[in-house]
Structure formats: C-alpha cells, structure tokens
Amino acid sequence: MSKPNLFEVAQWQLDECAKILKLDPNVNAILRVPMRELHVSLPVRMDDGTIRVFRGFRVQYNDAKGPTKGGIRFHPNETIDTVRALAAWMTWKCALLDLPLGGAKGGVICNPKEMSQAELEGLSRAYIQSVWQFIGPDKDIPAPDVYTNPQVMAWMMDEYSKITGKNQFGVITGKPLSLGGSAGRDDATARGGWYTIREAAKECSIDLKKATVAVQGYGNAGYYAAYLAKSLFGCKIVAVSDSKGGIFCRQGLDPEAVREHKTKTGSVINFPNTKTISNGDLLELEVDILIPAGLENVITEKNASNIKAKIDAELANGPTTPKADDILYKNGVHVIPDLLCNAGGVAVSYFEMVQNFYMHYWDEKEVHHRLDKKITVAYHSVLDTSKKYNINMRQAAYVIAVERVVEAMKLRGWV
Ligand code: GLU
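Caption draft 1: Layout of the site of the ligand. Residues in close proximity to the ligand total 14 residues, the closest being Lys69, Lys93, Pro144, Asp145 and Ser349. Compared with its free state, where it exposes 290 Å², the ligand has 95% of that area covered by protein. Mapped onto the shell around the ligand, the elements with two or more residues apiece are α3 (80-96) and α12 (344-358). Tallying contributions element by element places α12 first for the shell around the ligand, with three residues.

This is how it looks when you write it as structure tokens:
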C-alpha cells in the first residue's frame, strides 16, 4: 500500500477543522496553501573533487502571527510535499503554543549518513547562500530537524553572519551553547513531550512509576524520550528502535548504554540481552505508552487496530495517517497529537530567540519551568476542547490553532 501524500493529509486535516469551525471558505482557501516556497539547487564540492548539485527547499507557510519558524531536514526521501505539510504543521504548532510566530520548514534531498563532515559543512553553507535573502531573525528562523544538529546550525549561522556582515545569532535556533544556544534545547522536544504524557497519565489513571514504554526512533527526540522516561518518571523502557530495526527487553533497557552501543555499531540492534524485533513489531507491543519518535506515516489503517498502548505520544511529525486516527480514537487510545506532543522543541527555540535578542541567558531550571508552563497549558486546552466539541485530540489542537491564526489574519485586515 502506498503511503499517503503528507501535504494532502495536512490539507485534509485543515478541511476537517474548517467544517468544525464553520470557517469561511475564502479564509480556508488561504490557509490550505503555503504563502511562499523556494526551490534551490545547491552545488557542493565533494571530497573526491567532483561537484554534486543537491535539491533544497524552504517553505514559508503562514506568517500572520509573526516571523515564520521551523526546522531544516536533510533526508534522502525529502519531497516538496513533505516540506509543505511540515511547514503547515509548524504554523499550527506555534499557534497552539501561543508563540508569536508563523510556520515554515526546509529540506534538502541528501543522505547525510554517506557524507563527510566537510561535505556536510559545504552543503549547510550552500543552503544559506541560496536562501539568505528570504530568512532572518525577524523574517524566518530555521532550526534542526531530522538529521540536522547543532553543528549544522553553527555553520549556517556563521554563513549568514558572514554574508550580512555582522554576528546574527538570532537567525537560527538549536545552536551549540557556546554560540548563543539555549540551555535545555537539546532535550526540549522529548521533555515537552513528557510533560504532556505526565498530564495524560493523570487523565488515563496510569501510574508512571509502573508504566512500560516503547520508543520508535533513536535520534535526538527518541533517545531523550527514553532517557527522560527513566530519569524523570521512573518508567521502564522495554523497547526502542532505529531505521535498522528494534530491540526488546522485558526487564527494561538502559537508554544511555543503548546510545553508546548505537554510536559504536551504527544501530541499537544486537544490544546485549535483547530480542531483535522489527519497527512494526515495536508499535504493536503491549505497553502503557508508545512514543513514535522517528518518521511520518508509521501508524496506518493496517496496524492501528493492533496498537495496544493506552497513550500514543507523537514525538515525530505526522506518524499517524487520518484513517489510523479514526481507529485509534474508536479504540480509546489517548493520542497526544504531534502539534502538541513535540512542540517543546519549537517552544525552547522561541526561548532561544528571546535570549539572543536580549543577549542575556537563562539557566536550565528557568527554561524547564517556562517550557512546562507553556506546554501544560496547551495540553489542557486541547483536552478541554476535545471534550467540549466531542472531537479527537488532534482535531481539538487544530481548532485552537486555526482560530488563533484566523484571528491574526482578520486583525491584520487580510480577510
Ligand atoms: N524541527 C522542530 C519541529 O518540528 C523544531 C522547530 C524549531 O525549533 O523551530 O518542531
């Protein structure tokens, strides 16, 4: 079965929300499409002396509420429609968290696993050389996403600063700490997710100290999700996975030891005293909390009815197809939708922007406290809205976000 086109999914979700809100079709017509998109060709000198031309995108979806914000992905399967969907979701995510920001996303079709550090640096700089006129601290602020990291952000910030002739730390977030990064940005996506899971556990009467957890994906979000599950709440991590496969251990895994193993061997699989399972098996395990933290479209109509978790916390963007959503809702799985569950990343990115503007930096405790406050308020407004309208948590998140963006558009006189 072919996977659904992610942008069509994003448009369908918006249309459903428009029906609930009885939104003026003229307004919906504006919201259904990106405001602006750039397609760029990026020539990079490779280590063997040849030049390779990579394709890149930046989609600025809607800036009614402020400068656009969103990460840059380096991925071999990147498509413009994926980037469009992710840019739309950033718009709703920022609005849901009540950040003074719009939404954007960037992507480059490349396989960073096969590239040297020098080639990655060349690509990062080439990307900024192509888009610099369209981004900026008060226009559009990129950040890390799948297969990009603080080092990539540092190169990009440096390139932008060189081109514009002044240090502009605020052009990008997710930077290393010594270059204007924020304390607490590294684990922010997972930590924000866990604050929402903490609230969801109360709603579902789950005792987190006795809860079992499975995490799909072991990149930044997945690793920290496993690590914080144990260190913050004392949960037992029984399974984790990465693109090569998964591991299961009923007695519980040590997330840090698994990460060391992955750094050494390239994968979590073959970690001592574990059973090898597939990514598909992991999703269907009998656990209290399932955390998809990898890529999109993994919970589909095919496996949704086999999901046994009580809470499905979407740290990945777009892990669930619309048909699967209906099945999970009918089966009573408490889904914490991506717009809410993974919004901790952009919330702390916003804190990073504020600190860059002020040239004054907060400690980790301050960041954690502010993140907790923001995301916990958002969780409860989504939960209340879902109960009030009798709709699922994703639709509730959309209702809140779209109402806020539409209000901004009206006040600005756009509609
Ligand atoms: N890439 C992250 C996301 O999907 C963070 C974006 C940001 O920090 O701007 O939310």
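Caption draft 2: Representation of the packing of helix α1 (residues 6-21) against helix α14 (residues 393-411) within the structure. Following both chains from N to C, one finds α1 and α14 inclined at 75°, their axes separated by 9 Å at the closest point. With respect to α14, the element α1 is oriented roughly perpendicular. In this structure, α1 uses Ala10, Gln13, Leu14, Glu16, Cys17, Ile20 and Leu21 to contact α14, whose residues at the interface are Arg394, Gln395, Tyr398, Val399, Val402 and Glu403. Partitioning the contact of α1 with α14 into residue classes produces eight nonpolar, two polar and three charged.

Caption draft 3: Structural context of the pattern of salt bridges. Counted under the stated rule, the structure contains 26 salt bridges. Residue Lys310 is joined to Asp288 by a salt bridge in which the shortest nitrogen-to-oxygen separation is 2.6 Å. Of the two residues, Lys310 is situated in the loop between β11 (289-292) and β12 (311-313) and Asp288 in the loop between α9 (279-283) and β11; the sequence distance between them amounts to 22 residues.

Caption draft 4: Highlighting the environment of Ala225. Note on placement: Ala225 falls in helix α7 (residues 220-233). Between the alpha carbons of Ala225 and Arg394 there is a distance of 21 Å; along the sequence they are 169 residues apart. Those residues in contact with Ala225 that lie beyond four places of it in its chain are Ala190, Trp194, Val215, Ile291 and Leu315.

Caption draft 5: Molecular detail of the packing of aromatic side chains. With the rule as written, the count across this model stands at eight aromatic pairs. One aromatic cluster is present, formed by Tyr218, Tyr223, Tyr224 and Tyr227 through successive ring pairs. A cation over a ring is seen here: Arg370 above Trp362, with NZ or CZ 4.1 Å from the ring centre.

Caption draft 6: Molecular detail of the nonpolar core. Membership of the largest hydrophobic core comes to 99 residues, with the highest contact counts inside it found for Leu31, Trp89, Trp92, Trp194, Val240 and Ile291. Residues within four places of Trp194 in sequence aside, it is in contact with Leu208, Val213, Ala225, Leu228, Ala229, Phe233, Cys235, Ile289 and Ile291. Cys110, Ile128, Trp155 and Met157 belong to the second largest nonpolar core, which has 26 residues in total.

About the cut-offs
- Residues numbered from 1 in each chain as written.
- Predicted model: local features only at pLDDT ≥ 70, side-chain atom pairs only at ≥ 80, totals over all residues.
- Heavy atoms only, no water.
- Near = heavy atom within 4 Å.
- Areas by Shrake-Rupley, 256 points an atom, 1.4 Å probe, with all protein chains shown as cover.
- Helix = DSSP H or I, 4+ residues; strand = E, 2+ residues; numbered from the N terminus.
- Axes fitted to C-alpha atoms, helices over the stretch in contact; angles between N-to-C directions.
- Parallel < 35°, antiparallel > 145°, perpendicular 65-115°, else oblique.
- Contact = heavy atoms within 4.5 Å.
- Nonpolar A, V, L, I, M, F, W, Y, C, P; charged D, E, K, R; others polar.
- Salt bridge = Lys/Arg side-chain N within 4 Å of Asp/Glu carboxyl O.
- Phe/Tyr/Trp six-rings, centres within 6.5 Å; stacked < 30°, edge-to-face > 60°.
- Lys NZ or Arg CZ within 6 Å of the ring centre and 35° of its normal.
- Core = buried A, V, L, I, M, F, W, Y, C linked by side-chain atoms within 4.5 Å.
- Buried < 20%, exposed > 50% of the residue type's maximum accessible area, 1.4 Å probe, protein only.

None of this, on its own, says anything about what the molecule does.
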